[in-house]
Amino acid sequence: MSATAIFRRAWEDLWRNPGVFNLVFWSLMLALGVDYVFETRLAPLLPAALTDPRRWLVAPPTDLWRHLAPGTALRFGLFLATTLFVVTPFRVAGLYGGAAELIRGRSPRWLWFQFFTTGWRRFWRGLETTAAGVLLGLALVLVLAAFSVLGTVWNVLGVALLLVWVALVLWAVGLGLVGLGALMAADRRPLELLGEAVGWALRHRGLVFGLGATFAALLVAVFLLVAALAAVPLVGPVAGVVGLWLLTGFGAVLPTTAYRETVERGV
C-alpha cells in the first residue's frame, strides 16, 4: 500500500466517524486555554528577549535568561512542566485515543464528553506517548548537532548532510505517525508496540518516508491555501477555522489508520 492510499483511507475514516470533530473541538479549546494562561499570566512578566523569536537567533541563551527574575523563572518552569507532563498527555490521550476508539467501533456512552473520559482513562498512555515523542525529537536534535560539527570540519559535506537530515526528519515523521497509532490503537505494553513499529519502519523505509513527506506536503499546501485566502474579507477567517478543524481531525485519525493499514495487517 502506498502513502497516498493510506491518506485516502484516513480521509474516509474521518468522515465515517464525525464524532472526531467533537474531540477536535475540546482539544482546540484546551490549547486555547493554555495559550490564554500564558499570554495573561506569564508573558507580561517575561523579558522582551524571551518573547521575541527574532532575538533567539542573535543572542546566546545565557543572555536571554539573564534578566529573568527567580520568581518568574519558577512560575515559567511550573507552567512548562504542567503543560508537558499534564496537559499534553491528557490532550494526546483524549484526541488520538478517542479517535482510535471511534475508528475501532468503541463508541462511548457519553460521546460529547469522550475527550475528557478517554483523556482521564488513558492519561498514562498519553504520558508514555509524550515521552516517546520528546525522545524522538531529542534524537533528531542530536543528529543535527553532530551533522553541524561534521559540516564545520568538512565544508563540502554541509549541504549533503543537511539534505540527509531533512530526509531523516521526514522518515521520523512517518515513524511518529505509525508509532502514535500503535500506542493509541493497541493495548499492549508501550515498549513492545514501539519496538514493533520501529522494526516495521526499518523494513519499510520507503513507505515510512513517503508517509512523512506526504504529511509535510499536506501541511504546506493547507498553509499556503489559508494564507492565500486570508486577505479575502470574511472568507479568510472562516477558511482558516475550517482548515484548522479539518487538518486537526485528519491528523487525529491518520495515526490509527496508518498503523491499521501497515503494521497491524502485516504489510
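Residues numbered from 1 in each chain as written. Predicted model: local features only at pLDDT ≥ 70, side-chain atom pairs only at ≥ 80, totals over all residues. Heavy atoms only, no water.

### Structural notes on the overall build of the protein chain
Line of reasoning, step 1. Counting its regular elements, the protein chain contains twelve helices and zero strands.
Line of reasoning, step 2. Overall, the protein chain shows an N-to-C arrangement of helices and strands of α-α-α-α-α-α-α-α-α-α-α-α.
Line of reasoning, step 3. Burial analysis of the protein chain (267 residues in total) assigns 38% to the buried set.
Line of reasoning, step 4. Put simply, the protein chain shows about 15,300 Å² of open surface, and 74% of that area lies on carbon and sulfur atoms. (Helix = DSSP H or I, 4+ residues; strand = E, 2+ residues; numbered from the N terminus. Buried < 20%, exposed > 50% of the residue type's maximum accessible area, 1.4 Å probe, protein only. Areas by Shrake-Rupley, 256 points an atom, 1.4 Å probe, with all protein chains shown as cover.)

### Comments concerning the pattern of salt bridges
Line of reasoning, step 1. The tally for this structure, following the rule as stated, stands at eleven salt bridges.
Line of reasoning, step 2. When the shortest N-O distance is used, the salt bridge between arginine 9 and glutamate 261 registers 2.9 Å. Of this pair, arginine 9 sits in helix 1 (residues 3–16) while glutamate 261 sits in helix 12 (residues 235–261), and the two are 252 residues apart along the sequence.
Line of reasoning, step 3. Judged by its relative accessible area of 2%, glutamate 261 falls in the buried class.
Line of reasoning, step 4. In this structure, arginine 260 engages glutamate 261 in a salt bridge whose closest nitrogen and oxygen atoms are separated by 2.8 Å. Both residues of the pair, arginine 260 and glutamate 261, belong to the buried class.
Line of reasoning, step 5. Each of the salt bridges in this network shares a partner with another, and the network as a whole consists of Arg9, Asp13, Arg16, Arg260 and Glu261. (Salt bridge = Lys/Arg side-chain N within 4 Å of Asp/Glu carboxyl O.)

### Structural notes on the packing of helix 9 (residues 157–185) against helix 11 (residues 205–229)
Line of reasoning, step 1. At a minimum axis distance of 7 Å, the contact between helix 9 and helix 11 shows a crossing angle of 95°. Here helix 9 is positioned roughly perpendicular relative to helix 11, judged by the angle of their axes. Along its contact with helix 9, which presents Ala167, Leu170, Trp171, Val173, Gly174, Leu175, Leu177 and Val178, the element helix 11 presents Arg205, Val208, Phe209, Leu211, Gly212, Ala213, Phe215 and Ala216.
Line of reasoning, step 2. Of the residues that constitute the contact of helix 9 with helix 11, the class distribution is 13 nonpolar, two polar and one charged. (Axes fitted to C-alpha atoms, helices over the stretch in contact; angles between N-to-C directions. Parallel < 35°, antiparallel > 145°, perpendicular 65-115°, else oblique. Contact = heavy atoms within 4.5 Å. Nonpolar A, V, L, I, M, F, W, Y, C, P; charged D, E, K, R; others polar.)

### Quick look at the side chain of threonine 248
Line of reasoning, step 1. For threonine 248, the location among the structural elements is in helix 12.
Line of reasoning, step 2. The exposure class assigned to threonine 248 is buried, which follows from its relative accessible area of 18%.
Line of reasoning, step 3. A polar contact is formed between the side chain of threonine 248 and the backbone oxygen of leucine 244, at a distance of 2.7 Å.
Line of reasoning, step 4. Leave out the neighbours within four places in its chain, and threonine 248 touches Val24, Leu28 and Leu95. (Polar contact = N/O pair within 3.5 Å; in protein donor to acceptor, adjacent residues only side chain to side chain.)

Such coordinate-based values are descriptive only and should not be taken to indicate function.
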